[in-house]
Amino acid sequence: MAHRSISAKAGRFTESVIREMNRLAVEHGAVSLAQGFPDFACPPQLKRAVADAVNADLNQYAITWGSKPLRDAIAASTPRHFPGWGVIDPETQVTVTCGATEAVVFEPFYENYGPDAVLSDAVPRYVTLHEPDWHIDPDELRAAFGKKTRGIVVNSPHNPTGKVFTRAELELIASLCQEFDVIAFTDDIYEHIVYEGEHIPLATLPGMAERTVSIHSMSKTYSVTGWRVGWTIAPAELSIGIRRVHDFLTVGAAAPLQAAAVTALEFPEAYYVGLADGYRARRAALLPALRHAGFRVHEPAGAYYVMTDIRDLTTDDDVTFAQRLIRDPGVAAVPGSSFFSRPELGRTKLRFAFPKRLETLHAAAERLALLAPLAPAG
């Protein structure tokens, strides 16, 4: 049989390290704090809404760029949560999706951004977020912009660090976008999971609504990561391109799930307060256990991840130590190097996720306690 090779683009990136760690956790019976999905039920109202939609025979294609009730709900709910947004036209600005050019990307970054850049023929330039508070160096950010810069990717609250970008940082980004005529792509999927600070959508800053593509999802806010229902809000002229590509790549998101999403977007404010409070309790359960085990912990201000440093525990690199942690004491995390363009920047780091039941986190804490004798005294 003739040798067959994959495409040049697919050959430039590997499988997901996050999913690999999760598979290893299953194989070894470890508690998985690697992949960021809940191990608890979604709101019961959503289960009923999906069943009602299926029973009502909403089982055929929805409009490619999203059912009208869902687009209307998105246009109504977004300014309700973030008043600075202004009026959103559901007919021209909202595109419902399934689950970008030369771009500036902050690192550490969610691992999908690298392959996405390859697939879109982007040439990314990386700007490092600096510990311990993961701040932006203004000079480094300005130096990353140039005549060829077409876009910037901003994720706040941030995966993997839990950083919530400050208003001053967002104003700096906005000023550079306007100076260099750059489009901002904002990953806002953790927008309702904030513990300290405030989530400020970049699109709400002066001059940014017309140059921002904001990306949202059902997955994290409503604990339905398997639904793969998301949406973009963008200026009408940019939405035309988004809708065309979406149409030919995936056609459309599942119609019954879109119907149920309308129910979710009508939840009262108390739901979102409870969501953040629930994750705050989970953070309070995991972080002391990590510190007791000997990890240096960067306390997250949002999202549901915590970046740690392992240099007080081992001389192993992040990948070796993560694999050893899965085997004994049986807790899975993600090697920090997978979040950097230069892997050496993450060689002493592991990321833990905590969207889990408290029982799961307590089990992880008990296992992590077995590492405590390795930590330095005091």
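As a reminder, the structure under discussion sits directly above these lines.
Within each chain, residues carry numbers counting from 1 in the order of the written sequence. In view of the model being predicted, local features appear only for residues whose pLDDT reaches at least 70, and side-chain atom pairs are presented and counted only at 80 or more, with totals across whole chains, interfaces and linings using the full set of residues. Water and hydrogen atoms were dropped before computing side-chain values, which therefore reflect all heavy atoms in the structure.

Chemist: Sorry, what's going on with the nonpolar core here?
Modeler: Generally speaking, nonpolar side chains in soluble globular proteins are found buried as a group. Within this scheme, the nonpolar core is defined by two criteria: the residues are buried Ala, Val, Leu, Ile, Met, Phe, Trp, Tyr or Cys, and they are joined through side-chain atoms within 4.5 Å. Exposure is judged per residue with a 1.4 Å probe applied to protein chains only, and the accessible area is read against the type maximum: over 50% gives exposed, under 20% gives buried, and values in between give partly exposed. Membership of the largest hydrophobic core comes to 99 residues, with the highest contact counts inside it found for Phe106, Ile152, Ile173, Met218, Tyr222, Phe295 and Phe352. Put simply, DSSP H or I for four residues or longer makes a helix, DSSP E for two residues or longer makes a strand, and each gets a number counted from the N terminus. The element best represented in this core is helix α9 (residues 269-293), accounting for nine residues. In terms of nonpolar packing, the next biggest core, distinct from the first, is built from six residues, Val105, Val153, Val213 and Ala234 among them.

Chemist: I'm lost on helix α3 (residues 68-81) in this one. Help?
Modeler: Each full turn of the α-helix corresponds to 3.6 residues, which orients residues three or four apart in the same direction. The span expected for a helix works out to 1.5 Å for each residue beyond the first. The end-to-end C-alpha separation of α3 is 20 Å, in line with the 20 Å expected for 14 residues at 1.5 Å each. Regarding α3, the residues found buried are Leu70, Arg71, Ala73, Ile74, Ala75, Ser77, Thr78 and His81. Residue contacts are defined here by distance: any two heavy atoms, one from each residue, within 4.5 Å place the two residues in contact. Buried residues belonging to α3 abut β2 (94-98), β8 (229-233), α7 (236-250), α8 (255-265) and α9.

Chemist: Is there a simple way to think about the packing of aromatic side chains in this case?
Modeler: The way to describe two aromatic rings as a pair is by their centre distance and the angle between their planes. Aromatic rings from Phe, Tyr and Trp, taking only the six-membered ring of Trp, are treated as a pair when their centres fall within 6.5 Å; an angle between ring planes under 30 degrees marks them as stacked, one over 60 as edge-to-face, and anything in between as tilted. Scanning all chains against the criterion turns up 13 aromatic pairs. For the pair Tyr190 and Tyr304, a centre-to-centre distance of 5.5 Å together with 80° between the ring planes defines the contact as edge-to-face. Highlighted residues: Tyr190 in the loop between β6 (183-187) and β7 (212-217) and Tyr304 in the loop between β9 (296-298) and β10 (305-309), separated in sequence by 114 residues. Accessibility expressed as a relative area gives 2% for Tyr190, which makes it buried. Taking 6.2 Å as the distance between ring centres and 75° as the angle between the ring planes, the aromatic pair formed by Tyr222 and Tyr272 counts as edge-to-face.

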